[in-house]
Amino acid sequence: MRSDLDKAPWGLKLAAGAGLLYLFVPLLIIFVYAFTTEEKSFVWPPPGLTLKWFAVTWGRPDVWVALSLSLQVAAVATAIAMVLGTLCAAAVSQTRFFGREMISLLVILPIALPGIITGIALRSAFSMFEIPFSFWTIVLGHATFCVVVVYNNAVARFRRTSGSLIEASMDLGADGFQTFRYVILPNIGTALLAGGMLAFALSFDEVIVTTFTAGQQQTLPLWMLEELIRPRQRPVTNVVAMVVVLVTFLPILLAFYLTRDGDQVAGAGK
Amino acid sequence: MSAEAADTGAILPQRGGLSGRLSDLFWKRPGLLVFLMLTPPVLWLGIVYLGSLFTLLIQSFYSLDEFSGLVIPEFTFKTYAELLRPSNFDIIMRTVVMAALVTLASAIIAFPIAYMAARYARGKWKALFYLGVMLPLWSSYLVKVYAWKLILAKEGILTWLFEVLHITPILDAILAIPVIGGNSLSVSYIGTFLVFVYVWMPYMILPTQAALERVPINLTDASSDLGGNPWQTFRHVIFPLALPGIIAGSIFTFSLTLGDYIIPQIVGSSRLFIGQAVYTQQGTAGNIPLAAAFTVVPIVIMGFYLWMAKRQGAFDAL
């Protein structure tokens, strides 16, 4: 192999390293602040370190309520997005038809347009048709922009899965459902799971669309936004911030492990 | 797939059972299967998303009665004319300029990371680069904004760092710059800009990297064999081939900056961006038509942007 890391020009290495540092340092800072004894302001370096605020946060019911709503919304929105995204990806990747490009544009649009547009559009539709805010109004918004994550993962995997596998299965006498169960699903399964996890992370973190569709309810990001604008107990916010970072790392790491061997999918060498 | 062959002379006899007959039907008429598969997602996105966009669009043609504060549901261009008022037009210009600057800075910072990951990183390093981009990208948006508040605040980390390095006058000089400066970095445009770049830049890395990975190494080799220096190779070979990826990434950085109202609210001065204007108009001011008209601005800009990007082949790089 003629191109390895050592041969990179030092200027490039420096620029890439600095870029990665810029991405990572702010996240690490959150971890330090979760332990600080400073209660009122953002003083750096921390005057002392304590574990006290973890216990205080644990005892706060409002945090638990917000967390539970966020988890429920993310679970339902992910389930809907997985069904819709997979169906769409299967149709778009396996065949060519009129309007195919329009469909992929339609799927991308909810994230290609600023989130505030999705938010206020839903809000205006809810008020026009007099739909009251509920758990489902939040889910409605979240599922809409989560579809694209599942779709992207599934489309990439469908493209790598050879169509001849499906034909072979059918030629060998399997019906469509058997082919789906024993040939298609094992091939796209990990990509779907990865897409689902990313969709979950996306929904769990969403704040802009949610502000318009939640009414009086509070998801965890909405709780945090409230704390950022009108701080009540800053150390609690610090602890929640750190926990949120740790919790979102898990699905991302898992999604990474599930898709990294994507090149070895059966039929990839067509 | 050869549906015609199945139509004209079936090799297998008809399959029994409901699932068997359905399979035969879909095999003979693949169009039907595609139609059935597409119906749920298209209905969902069509009704929930496009439907809402449409109601929003309608409302932008209504107007607000200035005395009663009620929305008059009659077709008018009055609200759009309000957008051209100096105070509103400033908001639009300010947001577009910020979005353009953020996109440009993102492209510049993202390129070395993407190039390193695509061209040189292998095995363990490749995984490290991937996670190095994905973890910050997928980490909580609000936590990231919060972290920057801690960094930029008056008593925060940057102030401390400048003090430790004994270069506080430099910070003061930066803060004294009119328009973009302020009392502290966390209430200045410089701060807003830094946070915008931080939060949206990862969206630039991934498409750029994808485009760079498709640049054949023998093209760069050929360029240097023919006497091109590294800069010329970059300028005439690598950059043009990476451009669709950069444009694809810019769709996200530009669009996300255009609509954000939380970052400028938490880190920034009191002068509004489009997102904040939309939020206050629909919320405290209760002027839904003006809020709707404001959102049409990013829709039109992004519509144009997406059309340009498509012509550049950026959609293949998404």
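What you see is a predicted model; the values in this text were computed from it and never measured.

J.: Describe the overall build of chain B, listing the residues and the values that go with them.
T.: Within chain B, the secondary structure is distributed over 16 helices and two strands. By the compact-globule yardstick of 20 Å for 318 residues, chain B is too spread out, its C-alpha radius of gyration being 26 Å. Relative to its 318 residues, chain B shows a buried fraction of 52%. Contacts spanning at least 24 positions in sequence make up 67% of the contacts within chain B whose residues lie at least 6 apart. Looking at chain B as shown, the accessible area adds up to about 15000 Å², and 70% of this sits on carbon and sulfur atoms. Averaging the positions of the 19 positive and the 16 negative side-chain charges in chain B gives two centres separated by 7 Å.

J.: Give a detailed account of the environment of Gly59 of chain A, specifying residues and quantitative values.
T.: Considering the arrangement of structural elements, one finds Gly59 of chain A in the loop between α2 (52-58) and α3 (61-94). Residues Gly59 of chain A and Pro9 of chain A lie 50 residues apart in sequence; the distance between their C-alpha atoms is 53 Å.

J.: Can you explain the UniProt feature "transmembrane region" (unreviewed entry) in chain A? Please cite residues and give values.
T.: Residue and element names in this part refer to chain A. Taking the UniProt record as the reference, the feature "transmembrane region" (unreviewed entry) is found at residues 12-35, 63-90, 102-121, 133-151 and 239-258. In residues 12-35, the share of helix is 92% and the share of strand is 0%. The end C-alpha atoms are 36 Å apart. Helix makes up 100% of residues 239-258 and strand 0%, and the two end C-alpha atoms of the span are 30 Å apart.

J.: Please provide a residue-by-residue account of the interface of chain A and chain B, values included.
T.: Between chain A and chain B, the residue contacts involve 96 residues of the former and 91 residues of the latter. Between chain A and chain B lies a buried interface of about 8600 Å² when both sides are counted; carbon and sulfur atoms form 80% of it. Our count for the chain A to chain B interface comes out at zero salt bridges. In this structure, the connection of chain A to chain B is made through 10 residue pairs in polar contact (both at pLDDT 80 or more). The leading source of residues in the side of chain A that touches chain B is helix α1 (residues 10-33) of chain A, at 14 residues. Per-class residue counts for the side of chain A that touches chain B are 70 nonpolar, 15 polar and 11 charged.

J.: Break down the domain arrangement of chain B for me, with residues and values.
T.: All names here are of chain B. In terms of domain boundaries, chain B breaks down into domain 1 (10-59) and domain 2 (85-317). Taken over C-alpha atoms, the centre of domain 1 sits 39 Å from the centre of domain 2. Contact between domain 1 and domain 2 buries roughly 370 Å² in total, counting both sides, with carbon and sulfur atoms accounting for 78%. By the criterion of area lost to domain 2, the three top residues of domain 1 are Leu56, Leu57 and Gln59, representing 90% of everything that side buries. Summed over the shared surface of domain 1 and domain 2, the number is zero salt bridges. Counting the contacts that link domain 1 with domain 2 gives zero residue pairs in polar contact (both at pLDDT 80 or more). Residue classes in the side of domain 1 that touches domain 2 are distributed as three nonpolar, one polar and no charged.

J.: Outline the packing of aromatic side chains, supporting the account with residue identities and numerical values.
T.: Enumeration according to the criterion identifies 27 aromatic pairs over all chains in this entry. Aromatic pair Phe135 of chain A and Trp136 of chain A: ring centres 5.2 Å apart, planes at 85 degrees, arrangement edge-to-face. Accessibility expressed as a relative area gives 18% for Phe135 of chain A, which makes it buried. Exposure remark for Trp136 of chain A: the relative accessible area of 52% places this residue in the exposed category. Among the aromatic residues, ring-to-ring pairing joins Phe111, Tyr115, Tyr120, Trp231, Phe234 and Phe239 of chain B into one connected group.

Rules and cut-offs
- Residues numbered from 1 in each chain as written.
- Chains lettered and ligands numbered in written order.
- Predicted model: local features only at pLDDT ≥ 70, side-chain atom pairs only at ≥ 80, totals over all residues.
- Heavy atoms only, no water.
- Helix = DSSP H or I, 4+ residues; strand = E, 2+ residues; numbered from the N terminus.
- Rg over C-alpha atoms; globule rule 2.2 N^0.38 Å.
- Buried < 20%, exposed > 50% of the residue type's maximum accessible area, 1.4 Å probe, protein only.
- Contact = heavy atoms within 4.5 Å.
- Areas by Shrake-Rupley, 256 points an atom, 1.4 Å probe, with all protein chains shown as cover.
- Lys, Arg positive; Asp, Glu negative; His and termini not counted.
- Charge placed at Lys NZ, Arg CZ, Asp CG, Glu CD.
- UniProt positions renumbered as here; feature names shortened; annotations may be inferred.
- Buried area = accessible area lost by both parts, 1.4 Å probe.
- Salt bridge = Lys/Arg side-chain N within 4 Å of Asp/Glu carboxyl O.
- Polar contact = N/O pair within 3.5 Å; in protein donor to acceptor, adjacent residues only side chain to side chain.
- Nonpolar A, V, L, I, M, F, W, Y, C, P; charged D, E, K, R; others polar.
- Domains from an automatic or database assignment.
- Phe/Tyr/Trp six-rings, centres within 6.5 Å; stacked < 30°, edge-to-face > 60°.

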